[in-house]
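# Tertiary structure, described
Here is what each chain is made of, one letter per residue.
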Amino acid sequence: MGEMETVKQREPPAQDVPALLDRLREIVGSAAVLTDAAALEPHLTEWRGLYRGQATAMILPGSTAEAAAVVEACARARVAMVPQGGNSGLVGGAIAHAEPGHPEIILAAGRLNRIREIDAANYTMTVEAGCVLADLQAAAADANRLFPLSLGAEGTCQIGGNISSNAGGINVLRYGTTRDLVLGLEVVLPDGRIYEGLRGLRKDNTGYDLKQLFVGAEGTLGFVTAVTCKLYPQPGSTATALVAVSGPKAAIDLHGCAREALGGGLNAFELIGRLPLQLVLDHIPGTRDPMDEPHAWYVLLELAPAGKDAEERLEAFLAGQLAAGSISDGIVAKSVAQRDELWRLRHSISEAEKLGGAGIKHDVAVPVSRVAEFIDEASAAALAQLPGAAIVAFGHLGDGNIHFNVQQPPGMDREAFLDQWEAVARLVHTAAHAFGGSFSAEHGVGAMKRDELARLRGGVEYELMCALKKTLDPQGLMNPGKLFPPAN
């Protein structure tokens, strides 16, 4: 199946855009149709500044019925739609790229922000797509429940975007990705029909699991409007530690020991190289080195069992590892403030990289057992391409997701360095693939990696994805140019 068969070629709009906008104002109200350049600007640029888009308007439906009517009107007019949540993505997946003759509107979830139900006895909550992730965490906590999805952008990202990108975060080791937390979805399909799949069932063996088609689809198959998510008991206690290890192989060994000794209560297991930590210390105000001496590699781990003995169990485990020489130093947080300080070091890495200069960034996953080999091989390949560059490696070792980034060599022109992005990315992605890994672990494919999707997931797998896209979105109007090449 060739690229031109991915979706039907887009036809020109069947209705002039001003008339469509008038119809959309009738549906959602004039205040929810934004066309002013200043109002659109924050929604046209991605956080890293790599993507700058163009859109005719941004539409903010206030209900599922409004969203369905908006999508139906746009489909009839043959005007493309780009779903957008908190716009915290990193692969161009939520940025409109309107071209002459092919207008695009941003379909924003911000007004779909109601918590419809928290069923504490069923350990579920049903919420709308525009709810901010941190607000959902707080609402679950108020009901004495835990919503475990947690990531650096949780103060701004929206659950609809988390679903569309299958967000991961720091707790995947214990709770899985967003895909594992979704029990049911409500989705407006590309023709305006509504898939009403909100169910709070753990067991539902009635044919295809349709909701999973839309998790990780990056808005290319429909517009998610609501979700029923799993909740969990609040942990009885939490203990957090930062320890020094000799390298990624030692961290893998420590991970295995921790899984065996600490069991299912192990929440997070993060690998941090010295360079990313140093970037945080150099560029993020109010941070400090948590240990007296610098070390080459660190592991940030967290235990959150049902009982009240998290700190005692973690300290006993780490004391044994220190005696065995598996770790060389460490600190266990003795207060919530100290825990927050340790996690701030981890969550600030991306911002510190941005402040520290240009970087070519990768979000890959390999089997946990192969992480050390991958880092060695990818580092050699990247440094052969860019001598003098610095390797910034960190990430969720517990699930094999490594953020492998290459910092600009001293004295090299910034634009010349960034011109190497595609070549370096190809090397790194090829290395991950060779170890049985993925070129995109939690950020998605978007526009940035769509050629890699065809290259590394080609054949029958890619053909099946194309077939789903053609079946559900035959006009190619839902988030065109993401995952697959745009129809022309």
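Our subject in this report is the structure included herewith. (Residues numbered from 1 in each chain as written. Predicted model: local features only at pLDDT ≥ 70, side-chain atom pairs only at ≥ 80, totals over all residues. Heavy atoms only, no water.)

## Some details on the pattern of salt bridges
- According to the stated counting rule, one finds 23 salt bridges in the structure shown.
- Among the ionic pairs, glutamate 66 bridges to arginine 111, the shortest N-O distance being 3.9 Å. Of this pair, glutamate 66 sits in helix α3 (residues 64-77) while arginine 111 sits in the loop between β4 (104-108) and β5 (115-119), and the two are 45 residues apart along the sequence.
- Residue lysine 211 is joined to aspartate 209 by a salt bridge in which the shortest nitrogen-to-oxygen separation is 2.7 Å.
- In this structure aspartate 209 comes out as partly exposed when scored by relative accessible area, which is 41%.
- Salt bridges here are not isolated pairs; linked through shared partners, they connect Arg114, Arg116, Glu128 and Glu186. (Salt bridge = Lys/Arg side-chain N within 4 Å of Asp/Glu carboxyl O. Helix = DSSP H or I, 4+ residues; strand = E, 2+ residues; numbered from the N terminus. Buried < 20%, exposed > 50% of the residue type's maximum accessible area, 1.4 Å probe, protein only.)

## Details of the side chain of asparagine 166
- Topologically, asparagine 166 is positioned in the loop between α5 (159-165) and α6 (172-175).
- Setting aside anything within four residues of it in sequence, one finds asparagine 166 in contact with Thr177, Thr178, Arg179, Val215, Gly216 and Glu442. (Contact = heavy atoms within 4.5 Å.)

## Let's talk about helix α4 (residues 133-142)
- Those residues of α4 that fall on the buried side of the exposure criterion are Leu133, Leu136, Gln137, Ala139 and Ala140. One side of α4 carries all its buried residues, which in axial view fall inside an arc of 165°.
- Elements in contact with the buried residues of α4: β5, β6 (124-128), β7 (145-146) and α5.
- Just past α4, the residue asparagine 144 takes up positive phi, approximately 60°. (Arc of directions from axis to C-beta.)

## Regarding the sheet that holds strand β2 (residues 57-59)
- Taken together, the 4 strands give an open sheet; going across it, the order is β1-β2-β4-β3, and neighbouring strands pair in mixed fashion. With partners counted over all chains shown, the strands left at the sheet margins are β1 (33-34) and β3 (80-84), one partner each.
- Pairing geometry for β2 and β4, over 3 bridges, is parallel. Bridge pairing in β4 places isoleucine 59 opposite leucine 107. (Pairing = 2+ DSSP bridges.)

## Some thoughts on helix α18 (residues 460-472)
- Taking 1.5 Å per residue as the helical rise, α18 with its 13 residues ought to reach 18 Å, and the 18 Å between its terminal C-alpha atoms agrees with that figure.
- Turning to α18, its buried residues number three or more, namely Tyr462, Cys466 and Lys469. For α18, the buried positions fall inside an angular range of 60° around the axis, keeping them on one side. More than 90 degrees from the buried face of α18, the exposed residues found are Val460, Leu464 and Thr471.
- Looking at the packing, one finds that the buried side of α18 touches α17 (450-456). (Expected span 1.5 Å × (residues − 1).)

## Focus on the environment of isoleucine 118
- Residue position: isoleucine 118 is located in strand β5.
- The sequence separation of isoleucine 118 and cysteine 229 amounts to 111 residues, and the corresponding C-alpha distance is 9.6 Å.
- The contacts of isoleucine 118, once residues within four sequence positions are left out, are Thr124, Met125, Ala139, Ala143 and Leu231.

## A word on the nonpolar core
- Residues Leu24, Ile59, Phe147, Ile159 and Leu185 are the most contacted members of the largest nonpolar core, which totals 66 residues.
- Counting residues per element, this core draws most heavily on α3, at 7 residues.
- With near-sequence residues (within four places) excluded, isoleucine 159 lies in contact with Val127, Glu128, Ala129, Cys131, Leu136, Phe147, Leu149 and Val227.
- Core analysis: the next-biggest nonpolar cluster, separate from the first, contains 50 residues, Val366, Val424, Ala431 and Phe435 among them. (Core = buried A, V, L, I, M, F, W, Y, C linked by side-chain atoms within 4.5 Å.)

## Some remarks on the packing of aromatic side chains
- Enumeration over the complete set of coordinates arrives at 4 aromatic pairs.
- Seen in terms of ring centroids, tyrosine 175 and tyrosine 232 are 4.7 Å apart; in terms of plane orientation they differ by 65°. Their pairing is edge-to-face. You can see tyrosine 175 sitting in helix α6 and its partner tyrosine 232 sitting in strand β11 (residues 232-233), a full 57 residues away along the chain.
- Accessibility expressed as a relative area gives 23% for tyrosine 232, which makes it partly exposed.
- A cation over a ring is seen here: arginine 145 above tyrosine 123, with NZ or CZ 4.1 Å from the ring centre. (Phe/Tyr/Trp six-rings, centres within 6.5 Å; stacked < 30°, edge-to-face > 60°. Lys NZ or Arg CZ within 6 Å of the ring centre and 35° of its normal.)

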